[in-house]
Amino acid sequence: MFDLEQLIRPNIKALKPYSSARKEYAGSEGIFLDANENPYGTLNRYPDPLQRELKGALASLKGVSENDIFIGNGSDEVIDLALRIFCNPGTDNALTFSPSYGMYDVSSAINDVELIKLPLNETFQINLETVSPYLTDPTVKLIFVCSPNNPTGNCFLAADIKYLLEHFKGIVIVDEAYADFSDEESWVNRIGAYPNLIVSQTFSKAWGLAAARVGVAYANTAIITLYNKVKPPYNVSQLNQEAALKALSHRKKYLLQIDRIKEEKQQLITQFNKLKIVEQIYPSDANFVLLKVKDANAVYQYLIQHEIIVRNRTKLIDDCIRITVGTPEENKELLVVLKNCLNKIK
Ligand SMILES: *Cc1c(COP(=O)(O)O)cnc(C)c1O
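This text gives an overview of the structure that appears in the document.

Reading the values: the criteria
Residues numbered from 1 in each chain as written. Predicted model: local features only at pLDDT ≥ 70, side-chain atom pairs only at ≥ 80, totals over all residues. Heavy atoms only, no water. Pairing = 2+ DSSP bridges. Helix = DSSP H or I, 4+ residues; strand = E, 2+ residues; numbered from the N terminus. Buried < 20%, exposed > 50% of the residue type's maximum accessible area, 1.4 Å probe, protein only. Lys, Arg positive; Asp, Glu negative; His and termini not counted. Salt bridge = Lys/Arg side-chain N within 4 Å of Asp/Glu carboxyl O. Polar contact = N/O pair within 3.5 Å; in protein donor to acceptor, adjacent residues only side chain to side chain. Contact = heavy atoms within 4.5 Å. Near = heavy atom within 4 Å. Areas by Shrake-Rupley, 256 points an atom, 1.4 Å probe, with all protein chains shown as cover. Nonpolar A, V, L, I, M, F, W, Y, C, P; charged D, E, K, R; others polar.

Some details on the pairing of strand S8 (residues 278–281)
By the bridge criterion, three bridges tie S8 to strand S9 (residues 288–293) in an arrangement that is antiparallel. Paired with Gln-280 across the two strands is Lys-292, which belongs to S9. Counted between consecutive antiparallel strands, the loop separating S8 from S9 contains six residues.

Structural notes on the side chain of Glu-77
Tracing the backbone through its elements, the reader meets Glu-77 in helix H5 (residues 75–86). For the buried Glu-77, no salt bridge is present, and the opposite-charge side chain at shortest range is Arg-84, 6.1 Å distant. Polar side-chain contacts of Glu-77 include one of 3.0 Å to the side chain of Asn-235. Residues contacting Glu-77, with those up to four places away along its chain left out, are Phe-70, Gly-72, Pro-232 and Asn-235.

Brief notes about the environment of Ser-107
With respect to the helices and strands, Ser-107 occurs in helix H6 (residues 103–110). Ser-107 sits in the buried class, given a relative accessible area of 3%. Here the alpha-carbon distance between Ser-107 and Glu-53, two residues 54 residues apart in the chain, equals 29 Å.

Remarks on the site of the ligand
In the vicinity of the ligand, 13 residues are found, and the nearest of them are Tyr-178, Thr-202, Ser-204, Lys-205 and Arg-213. At a separation of 2.7 Å, an oxygen atom of the ligand approaches a polar side-chain atom of Ser-75. Tyr-178 has a polar side-chain atom sitting 2.6 Å from an oxygen atom of the ligand. Protein coverage of the free-state accessible area of the ligand, which is 390 Å², stands at 93%. Of the residues in the shell around the ligand, the class split is four nonpolar, five polar and four charged.

Observations concerning unusual backbone geometry
The omega angle of the peptide bond from Ser-98 to Pro-99 is 0 degrees, so this bond is cis rather than trans. Residues Ser-147 and Pro-148 are joined by a peptide bond in cis, for which omega reads -5 degrees. Mapped onto the fold, Pro-148 is located in the loop between strand S4 (140–146) and helix H8 (158–167). Positioned with a positive phi, Asn-36 is a non-glycine residue whose angle comes to about 55 degrees. By the secondary structure assignment, Asn-36 is in the loop between helix H3 (21–24) and helix H4 (52–62). According to the relative accessible area criterion, Asn-36 is exposed, its value standing at 78%.

Remarks on the environment of Glu-122
Position of Glu-122 among the secondary structure elements: in the loop between strand S3 (114–119) and helix H7 (128–135). In this structure Glu-122 comes out as exposed when scored by relative accessible area, which is 70%. Separated by 185 residues in sequence, Glu-122 and Glu-307 have C-alpha atoms that sit 33 Å apart.

Here it is, written out as structure tokens:
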């Protein structure tokens with residue numbers, strides 16, 4: 001049986017959260033002499049600490065309750081707060097699969113939480129046999145599941161994620177940073193079915209707002225209440241909230257961009273197939289493609305010399321580079337340089 005109360009760190013359970021001025025009086029009309037703000041200006045007032053307008057827009061877009069949404073200063077905050085709420089530093093563990101997103105490592109290390117990393121199989125899927133012993137280990141509090149996975153690009157099998165959700169006594173965070181590029185059903189639609197599920201999404205990729213820093217967590221109200229308890233009072237600036245709202249109001253534009261990016265990705269894959277330097281193209285549900293090439297370090301350096309910057313992932317997966325889909329012009333240039341590359345490197 002899943003028992004949320006028992007999972008929460010004792011100090012977080014006992015915590016009396018900070019009560020900000022805008023939390024104690026949430027109305028928008030009146031003479032505000034409560035928060036020591038400068039009465040002049042346009043950005044002079046503290047933002048809504050609960051980002052209710054943005055949550056309202058997301059709630060109707062996703063078909064969930066506003067109470068089941070947390071907005072973070074990027075997904076980084078969604079990840080960090082989960083570690084802080086559930087993992088006792090120095091004693092508890094988190095778990096993920098390898099290769100995957102590097103922030104799970106860094107954020108765990110900052111919180112003095114050991115991250116157990118289980119290798120994915122040869123098709124970059126979860127090996128349920130190797131995870132099984134950890135699912136009942138009381139020191140493992142969190143599992144990070146990045147689907148579509150960065151840097152491999154594939155989605156994990158829904159049946160495997162379901163297995164984790166149904167057999168793990170802790171929290172499963174499904175990181176859907178790239179879900180907008182995938183045809184797989186989002187796990188946001190299933191938060192009602194799983195009390196231990198957190199789904200993390202972001203405005204940084206498909207919504208084109210990496211500079212704004214807006215991440216979103218969807219989960220049952222009980223978990224969101226914990227997030228609200230520990231988050232910094234005004235964690236999402238007024239500017240960020242407005243940028244996200246504006247993007248949501250232009251949804252059609254982003255859907256068209258996503259279509260264009262997906263189309264360009266297919267074109268790129270077709271062309272990559274013709275390149276001698278490319279040894280393997282991994283299937284991608286995201287806006288990037290992982291390639292195995294003859295010599296990743298040499299290819300990476302050659303591309304840099306031609307002012308094309310890709311991600312060298314050879315330390316994670318031998319001779320692999322990760323290439324983000326750009327504009328048609330950018331992709332064309334990439335292909336020209338990659339074509340010349342073979343003759344120039346040894
Ligand atoms: C890019 C990315 C994010 C986004 O992080 P933000 O802090 O929201 O910009 C989250 N998870 C994964 C796996 C990513 O690749």
